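Architecture at a glance
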Protein chains: 2
Amino acid sequence: MICGRTPEELIRDIKAFHGYVAPGLLIGAFMVDSVQLRLGKGVEADAIVETKHCLPDAVQLFSPCTVGNGWLKILDLDKFALTFHDRHSHSGIRVWLDIEKAKAFPDIYNWFMRLVSKKDLPTDVLVKAIFSAGTDILSHAEVKVIQFAAREKKGAIKVCSICHEAYAASQGETCLACQGNGYYQRIPA
Amino acid sequence: MICGRTPEELIRDIKAFHGYVAPGLLIGAFMVDSVQLRLGKGVEADAIVETKHCLPDAVQLFSPCTVGNGWLKILDLDKFALTFHDRHSHSGIRVWLDIEKAKAFPDIYNWFMRLVSKKDLPTDVLVKAIFSAGTDILSHAEVKVIQFAAREKKGAIKVCSICHEAYAASQGETCLACQGNGYYQRIPA
């Protein structure tokens, strides 16, 4: 069992949430599972992932931590690693895909290092390799989280005098979007 | 039906993913549902949410877009709004909680504007108010997304000469973490 699921259930849940069986998300399942095992059941753990790609979904699917509930933070360090830490003590365990260990599994190594095209390494072959590698491509370390550890609190809100929508008062006299940081143009009706 | 679910199924799925029935996530279900209805089924839509709180989970639960698959982007504008846009034309629909309309539902208005404590407004009362308001507290506008519209591509990767982990080559000679931007201290074994 990985994350309390059979391999078939794991594949099914990944497809349902992520849209397709991303190899990175499958490796992520082994990462989440192995860290949770090491931390033990009594720990209320928050998560930090070090990339926007794939891994956030592994945390969201296989642990209670999501972006929306604030227990998961996503850093844009672009590393295939994540940490679960005790939300009170901030002690935790970081897990990462260990390149040296991955060399023993050429399909995984070549995929991860982008040395092979999708055409030359079909997903089902790669998926098999990931299941057979399991946690053998991972390394773990005990860490103390010293940044991004605390949960963020919502501050006061205000209604923007320009767009009349609510926004965080800390942004200033009008909302960030009306200050010129919007991402859209409105199409006149 | 909201997002293809009965109210009971909606509550169950929110609890399973988010850990508890967050009022913002429930309103988010109505937002996602109403935008998807307006866009129609043929549109392959990517999403942008304007806050880190609650709403990202509504998009991830009730649409195919997740952080990890890259179809959802999260902006930190701290506004209770989201946009789904055609991933090719970038035309789409923005929906937001309309403060003026919310005034007709005092429990929702007072909760959203943080004018009432949790003690004085139990979640079950608020949840009932949200179901009875439905989409009556929302406004919609057609928009053209002019920033953050394109999906991001992963770039080249390299192995860091200090930590020996893989990272995005665009970060420079060593990874961002080894450049001093790490978030943890390693605890010696």
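Note that the structure is a prediction, hence the values are computed from the model and not measured.

Observations regarding the interface of chain A and chain B
As a measure of interface size, the accessible area lost when the parts come together is often cited. Taken together, the contacts link 62 residues of chain A with 62 residues of chain B. In this structure, the connection of chain A to chain B is made through six salt bridges. With a shortest N-O distance of 2.7 Å, A:Arg94 and B:Glu165 are connected by a salt bridge. Taken together, the connections running from chain A to chain B amount to 33 residue pairs in polar contact (both at pLDDT 80 or more). Residue contributions to the side of chain A that touches chain B peak at five residues, all from strand β5 (residues 138–145) of chain A. Classifying every residue of the side of chain A that touches chain B by side-chain character gives 34 nonpolar, 14 polar and 14 charged.

Here we look at the domain arrangement of chain A
We note that the domain assignment places domain 1 (7–144) and domain 2 (154–189) within chain A. Summarising the inter-unit geometry, the C-alpha centres of domain 1 of chain A and domain 2 of chain A are found 36 Å apart.

Re the sheet that holds strand β3 (residues 81–86) of chain B
Read across the open sheet, the six strands follow the order β8(A)-β5(B)-β4(B)-β3(B)-β1(B)-β2(B); overall the sheet is mixed. What marks the edges here is a single partner per strand, and that holds for β8 (184–186) of chain A together with β2 (72–74) of chain B. Neighbouring strand axes in the sheet, compared pairwise and without regard to direction, differ in orientation by 30° on average. Bridge analysis of β3(B) against strand β4 (residues 91–97) of chain B gives five bridges, and the strand direction is antiparallel. Each bridged residue has a counterpart across the sheet, and for B:Ala81 the counterpart in β4(B) is B:Trp96. Sheet contacts for helix α2 (residues 23–39) of chain B: β1 (45–49), β3, β4 and β5 (138–145) of chain B; angle to β4(B), the most-contacted strand, approximately 150°.

Conventions and cut-offs
Residues numbered from 1 in each chain as written. Chains lettered and ligands numbered in written order. Predicted model: local features only at pLDDT ≥ 70, side-chain atom pairs only at ≥ 80, totals over all residues. Heavy atoms only, no water. Contact = heavy atoms within 4.5 Å. Salt bridge = Lys/Arg side-chain N within 4 Å of Asp/Glu carboxyl O. Polar contact = N/O pair within 3.5 Å; in protein donor to acceptor, adjacent residues only side chain to side chain. Helix = DSSP H or I, 4+ residues; strand = E, 2+ residues; numbered from the N terminus. Nonpolar A, V, L, I, M, F, W, Y, C, P; charged D, E, K, R; others polar. Domains from an automatic or database assignment. Pairing = 2+ DSSP bridges. Axes fitted to C-alpha atoms, helices over the stretch in contact; angles between N-to-C directions.

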